[in-house]
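Fold and geometry: a report
Below, each chain spelled out in residue letters.
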Amino acid sequence: MSLVSAGGHCLASWPCAGSELRKRVRPRAKARAALVEARPRAATALRERNLGGGGGDRTEDLQAEVRAMVRAANASTYSPELLAATYGPRPVKVLRRTVEILIALGSFGLKLLLDQRRGVFDLNKRKRAAELRAIFTRLGPTFVKLGQGLSTRPDICPPEYLDELSELQDSLPTFPDAEAFSCIERELGLPLDSIFSSISQSPIAAASLGQVYKAELRYSGQIVAVKVQRPSIEEAIGLDFYLIRGLGGLINDYVDFITTDVVALIDEFASRVYQELNYVQEGQNARRFRKLYADKQNILVPDIFWEYTSGKVLTMEWVDGVKLNEQDAIEKQGLKVLDLVNLGIQCSLRQLLEYGYFHADPHPGNLLATPEGKLAFLDFGMMSETPEEARLAIIGHVVHMVNRDYGAMARDYYALNFLSSDVDVSPIVPALQNFFDDALNYTVSELNFKTLVDGLGAVFYQYPFNVPAYYALILRSLTVLEGLALNADPKFKVLAASYPYFAKRLLTDPNPYLRDALIELLFKDGRFRWNRLENLLVQGIKDRDFSTKDALQPVLKLLLGPDGEELRTLVVKEAVRVTESVVLGSFVDGYNSMPTIMKTFIFNGNAAGPLAVSDTEIGSMMELRSQVFRIWRLLRSSQDFDPALLQPILQVLQQPEARILGGQVIGGITQRFAARLLQQVLRSPTSVSGLPS
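Computed from a predicted structure; not experimentally measured.

**Things to note about the overall build of the protein**
Along the backbone of the protein there are 30 helices and 16 strands. In the protein, which comprises 693 residues, the proportion classed as buried is 53%. Taken as a whole, the protein presents about 32,000 Å² of accessible surface, with 56% of it coming from carbon and sulfur.

Encoded structure:
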């Protein structure tokens, strides 16, 4: 089965249309094709050109992209002022559409009011949410997009509405093929048969903004997907956004319980929808996404054919595959849904937290499983970016959550732009504590991501949060991936699959903010939490990009840097404690391996034990030594571990600061063992339980 994107969603191809191509070949087309590409190449050569291989080919590709941009120079952009100037003088048209919308939404609002008066408002939430989804579908493309946008906004919609609107599908009729083919010729300035040797008889997918055909390029024989924009779509959505924005202004002025700036939200969303109308922009989004994330062999992003792309026509590489929510079809190809979902999770985390450029239409139909086992991403009309400060703050937020530092979690919302700086977070802290104290009773591997998102959504809904689009969308994306995985394995948890990435970033990223977060996670009350480090290494090593070299050297640089004085004090204390545990632990092992008669002979008849140390303290030292040894084994088990990696570390340790630090450690160890010796000399044999024989 083949799938492609169609202006917002990817739909399964219809077998009768996707497998048969209508021939539209005339002899004169060959000369015209020669004008498009003077030197026809094989499909593999074309792919190499599109990937940027070779200086000349890269130049041609850039020139073709520039020509596509010229063709899209008149593409519409969202402008509230322009919409007001366009539709303000057309009161009849505005009134007709207003009445249509008011009848649909007014009847819905009346039902909500009656539910409120009858005391069944909460009981009927699920039912009303389903009705709203049907209304949005009936009102057309703008409201379909609006519903999909609302499905990612927990600060605006209750959970029942989020669930229903997330299922909103583009179920609009196709427009005539003749109009689509005429649009292609008009946009590209060439007869259809000079571009394609064949094209499907009807669309293989249709959505709110356009529909897609399967075709074969005449000059190369490459199979492509051709997306054509729906006629008059700009006027339809322009009028709707003009009306919706006016409604948003009324809500801002007169509806007190909605704290979000509705007009700003509508403007942001409308801008994204208008960006979808510019197919050259979508092509550039796809190229950027491909460059950032398709470096992995198992991630596939279709390439763009700029010579046959304009503002309203997008020609891209055809991808054969199965939608990720079609488990049976995937398994018939010998693939595992969970493997593909894990790929999606790792790529989503890289999008959100590494590069900050991510797919903003988190729908399972936009993810395909290819026959080769790759995960293909489709539909790049709506993209978003995460600010660098927010990327780091999210990782810090996870650290604060693990530490149950709810005050710090609440303050994180300033950096995440959830709250304005004048909002007092103190009332929010108890709400976070009430939810997370219960949720964190589970281990990471047991915690359900959707439960976490729903709980946070309830907090966001109760307090004056303004959740940025990037955060809401990525939460929605991970929730969708977890839902897909749960169909295959009810025990799957997306947080467990995500944790190795967070652990790897904390252990290896030299960014000062993340280094501080790592220290905050590992040190508490002046003591080093070796169990935390061990757990981070256990999880981090699971990430395929984990590097022992990266995990070790940045820590040393921080330790020996000008801002590391406080950390050095803690490390000296911990190094003394570890050295003592290793030395005395080895002594205890040697002692315990002796026969009882030898213990009595060597230690002057005291078979009870040679050290003035309690059983509890000995047990603590032995556990610490075991943890340190386990951590060392974990580091050595890393795929890229090589003793030669320690050479740069030894060079760092030769710096003056390191020698001073080493002297402090040795001095601390000397003092510690001197105190132990004095304890040993002064001990009362009857007061010490000693070591077990």
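Alright, that's what it looks like, and here's the rest.
**What to know about the sheet that holds strand β10 (residues 322-323)**
One open sheet holds the 4 strands; their spatial order is β8-β13-β12-β10, and the pairing between them is mixed. Each of the sheet's edge strands pairs with one partner strand only, and the pair in question is β8 (299-300) and β10. Across 2 bridges, the pairing between β8 and strand β13 (residues 375-377) is parallel. Looking across to β13, one finds that L300 is bridged to A376.

**A few points about the pattern of salt bridges**
Taken as a whole, this structure holds 21 salt bridges when the rule is applied. Note that R97 and D240 form a salt bridge whose closest N and O atoms lie 2.7 Å from each other. In this pair, R97 sits in helix α6 (residues 91-118) while D240 sits in helix α12 (residues 233-254), placing the two residues 143 residues apart along the sequence. Side by side, R97 and D240 carry an identical accessibility label, which is buried. Here the salt bridges share partners, and the residues they tie into one network are R58, D61, R287 and D303.

**Side note on the nonpolar core**
In this structure, F241, L324 and L432 are the most contacted members of the largest nonpolar core, which totals 148 residues. Considering every element that reaches this core, the biggest residue donor is helix α21 (residues 469-488), with 11 residues. Setting aside residues up to four positions removed in sequence, F241 forms contacts with Y78, L83, T142, I266, F269, A270, V273 and Y274. Judged by nonpolar contacts, the second largest core, of 21 residues, contains F175, L190, Y219 and V228.

**Topic: the packing of helix α17 (residues 388-402) against helix α18 (residues 406-415)**
Orientation of α17 relative to α18, taken along the N-to-C sense of each, is 170°, at an axis distance of 9 Å. As summarised for this structure, α17 and α18 are arranged roughly antiparallel, according to the angle between their axes. Counted together, E389, A390, A393, G396, H397, H400 and M401 of α17 and A408, M409, D412, Y413 and A415 of α18 form the full contact between these two elements. For the contact of α17 with α18, the per-class residue count stands at 7 nonpolar, 3 polar and 2 charged.

**A short note on helix α16 (residues 337-355)**
Its 19 residues place the ends of α16 26 Å apart at the C-alpha level, agreeing with the 27 Å of an ideal helix rising 1.5 Å per residue. After α16 finishes, the residue G356 shows a positive phi value of roughly 80°.

**A few points about unusual backbone geometry**
In this structure, S232 is a non-glycine residue whose phi angle is positive, near 60°. Among the secondary structure elements, S232 is positioned in the loop between β7 (223-229) and α12. For S232, a relative accessible area of 59% puts it in the exposed group. Look at N417: it is not a glycine, yet its phi comes out positive at around 65°.

Criteria and thresholds
Residues numbered from 1 in each chain as written. Predicted model: local features only at pLDDT ≥ 70, side-chain atom pairs only at ≥ 80, totals over all residues. Heavy atoms only, no water. Helix = DSSP H or I, 4+ residues; strand = E, 2+ residues; numbered from the N terminus. Buried < 20%, exposed > 50% of the residue type's maximum accessible area, 1.4 Å probe, protein only. Areas by Shrake-Rupley, 256 points an atom, 1.4 Å probe, with all protein chains shown as cover. Pairing = 2+ DSSP bridges. Salt bridge = Lys/Arg side-chain N within 4 Å of Asp/Glu carboxyl O. Core = buried A, V, L, I, M, F, W, Y, C linked by side-chain atoms within 4.5 Å. Contact = heavy atoms within 4.5 Å. Axes fitted to C-alpha atoms, helices over the stretch in contact; angles between N-to-C directions. Parallel < 35°, antiparallel > 145°, perpendicular 65-115°, else oblique. Nonpolar A, V, L, I, M, F, W, Y, C, P; charged D, E, K, R; others polar. Expected span 1.5 Å × (residues − 1).

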